[in-house]
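What follows is each chain in one-letter form.
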Amino acid sequence: QTCALPISIWDSILYEKVRFEENITMLLNCSCLDAQMEGNNIKSIKGWQLTTETWHIVEAKLFADCSGDSILAPLTGAEFRIGREASSEYNESIEPEVADKKTMGLSCLLQARETDRPQKFIPPSWAYKYLTDDELPQRGHLIKNTNFWWIEIGGENDSIHDTEELRDELLKIVFGVWDHIKNHGDHGAENWILDWVGFLPGKRESRRYIGDYVLTQNDVQAEGRFEDIIAYGGWPMDDHNPAGFRYPGPPNINHYAPSPYGIPYRCLYSKNIGNLFFAGRNISTTHAALSSTRVMATCALLGQAVGTAASIAVKNNLTPRGVYNEKIEELKQTLMDDDCYLPFNKRKIPELSANAQLSASDGDPSCLRNGFDRPVEGNSNMWIGKKNSYVEYSFDGLKNVSKVRLVFDSDLNRKGQNMPCYYSLDQEPYKVPEVMVKDFRIDIKDANGNWITCKKVVNNYQRLVKLDLSVEATAVRFIPEETWGSEEVHVFSFDVE
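Throughout what follows, the structure given in this document is the object of discussion. (Residues numbered from 1 in each chain as written. Predicted model: local features only at pLDDT ≥ 70, side-chain atom pairs only at ≥ 80, totals over all residues. Heavy atoms only, no water.)

## A few points about the sheet that holds strand β20 (residues 422-423)
Logical step 1: The strand order β9-β7-β20 describes an open sheet built from three strands, whose pairing is mixed. Two strands in the sheet have a free side with no partner beyond their single neighbour: β9 (192-197) and β20.
Logical step 2: Note: strand β7 (residues 110-114) against β20, two bridges, orientation parallel. Its bridge partner being in β20, A112 is matched across the sheet by Y422.
Logical step 3: Along the sheet, helix α4 (residues 163-183) contacts β7 and β9; its crossing angle with β9, the most-contacted strand, is approximately 170 degrees. (Pairing = 2+ DSSP bridges. Helix = DSSP H or I, 4+ residues; strand = E, 2+ residues; numbered from the N terminus. Contact = heavy atoms within 4.5 Å. Axes fitted to C-alpha atoms, helices over the stretch in contact; angles between N-to-C directions.)

Right, dumping it as structure tokens:
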């Protein structure tokens, strides 16, 4: 177990997930340059693959733009916006009085690593010089107290077309800041080295699509209790000054946002292009709401929602809007079945589970079929048992059992930084949460009353586990045999169907 995953290794994990997924054709290093339209629908997208010097034309019934920059918007005529709305347009207190094109900026991050001896740093000649802490006002730069997100510029520029120029400026700042940390004042960095610098600026904001609904500051602060919730946010409305690093005052202002709040499906498809989804920081929001929805964990949820909606649309020959009109409840239930948390919503329990008798060798198992896969209103909402104990569904006769669904405790509130900017010598190694169930089995009772093991899982490290059974049984037992370190076994849900 290493302290953290280097970025190149994380890329490899993402590569594996996509490359070996059935029915996905992956075209890496391919830029979308043209679109063919049929009325208000996209017929095809043309892209140039730099590595192979090849043109690719992709035809489809549905398209999803998860590029962040809404690259298909100028190619298709999809409605979009850039910048900050006037406060009066949506009655938002965060926005300026007059609308403008200013955005939040771009950052090139750095990562540092501690060694066991003093290390010198000689900055490049083109790096900026920051000789005193006063030249970095309100920018905390002790290595273990920041991830240097405030190395940010570009909000007063064009955050798309000026990216190359902005990167050059950001690199001058990055190396200048590290020079300051190492060589100008005591920052406790004598043994630290600069381990990595990002060369692709991370953008916070550019084009935002216009969907059937535009999420606003007021929606966020009212908890987003929409009937078509398909994802949630929880980050504050973290609004960065457009001047970024060049602004001498506080680099950002955190405006209150409840955690969680709901995000509606209607923000994930185009208002005027009939077959266009989008997910990520380019969804249909105001600038104010974007300052919360733009963070990566929320963007990941939006991506899963779009992928699931696209699957339902293909299966039922629907448009993105058609999914809202006809299949929104199926979309929500499918997401929750896949362990997406949707606040203010309850997962539907399979009929076989609902009608069976539920018992356990120890503890109260009733929460395992209540439709909630997380702690609820301060209640842990989990069955707590011992290793080799059991939870059992028993039926009033022989039943066909096709599947088992389990949700384990992954210790979602555990401390730790998933994307650290520093690696210290005493850093604890990352590991599977101790409370996660590692080994378990599923036993069934056959028509003759005999208990038979039909599934055994070892080295499990996933929170959600779905198993195909395809058996006839009068009862089904879940038996946890080992965890990743905990003496207790924690389970949120156990369903049979």
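## Here's the deal with the sheet that holds strand β8 (residues 152-153)
Logical step 1: Pairing is antiparallel in the open sheet, where three strands are placed in the order β8-β6-β10. In this open sheet, the two edge strands, each paired with only one partner strand, are β8 and β10 (202-203).
Logical step 2: Here two bridges tie strand β6 (residues 106-107) to β10, and the two strands are oriented antiparallel to one another. Bridge pairing in β10 places S107 opposite G202.

## Some remarks on the packing of aromatic side chains
Logical step 1: The final tally for this structure, using the stated rule, is 17 aromatic pairs.
Logical step 2: Positioned above the aromatic ring of W484, the side-chain terminus of K438 is 4.6 Å from the ring centre.
Logical step 3: Above the face of the W451 ring, R477 is positioned so that its terminal group lies 4.2 Å from the ring centre. (Phe/Tyr/Trp six-rings, centres within 6.5 Å; stacked < 30°, edge-to-face > 60°. Lys NZ or Arg CZ within 6 Å of the ring centre and 35° of its normal.)

## Re the packing of helix α7 (residues 296-316) against helix α8 (residues 320-337)
Logical step 1: Two elements in contact, α7 and α8, have axes whose closest approach is 10 Å; the angle formed by their N-to-C orientations is 125 degrees. As judged from the angle between their axes, α7 and α8 are oblique. Judged by the twist between their axes, the crossing of α7 over α8 is right-handed. Side by side, α7 and α8 meet where Q304, A305, T308, A309, I312, A313, K315 and N316 of the first sit next to V323, K327, E330, L331, T334 and L335 of the second.
Logical step 2: Residues belonging to the contact of α7 with α8 are distributed by class as follows: seven nonpolar, four polar and three charged. (Parallel < 35°, antiparallel > 145°, perpendicular 65-115°, else oblique. Left-handed = near helix turned anticlockwise from the far one by under 90°. Nonpolar A, V, L, I, M, F, W, Y, C, P; charged D, E, K, R; others polar.)

## What to know about the nonpolar core
Logical step 1: Core analysis: the biggest nonpolar cluster contains 47 residues, and I230, Y265, L268, L276, L302, V323 and L331 have the highest contact counts within it.
Logical step 2: Elements that contribute at least two residues to this core include exactly β2 (41-49), α2 (72-76), β12 (229-233), β15 (261-264), β16 (276-278), α6 (287-293), α7 and α8.
Logical step 3: Of all the elements, α7 adds the most residues to this core, at seven residues.
Logical step 4: Setting aside residues up to four positions removed in sequence, Y265 forms contacts with D228, I230, F277, A309, P320, V323, Y324, I328 and L331.
Logical step 5: I442, V471, V476 and V496 belong to the second-largest nonpolar core, a separate cluster that totals 30 residues. (Core = buried A, V, L, I, M, F, W, Y, C linked by side-chain atoms within 4.5 Å. Buried < 20%, exposed > 50% of the residue type's maximum accessible area, 1.4 Å probe, protein only.)

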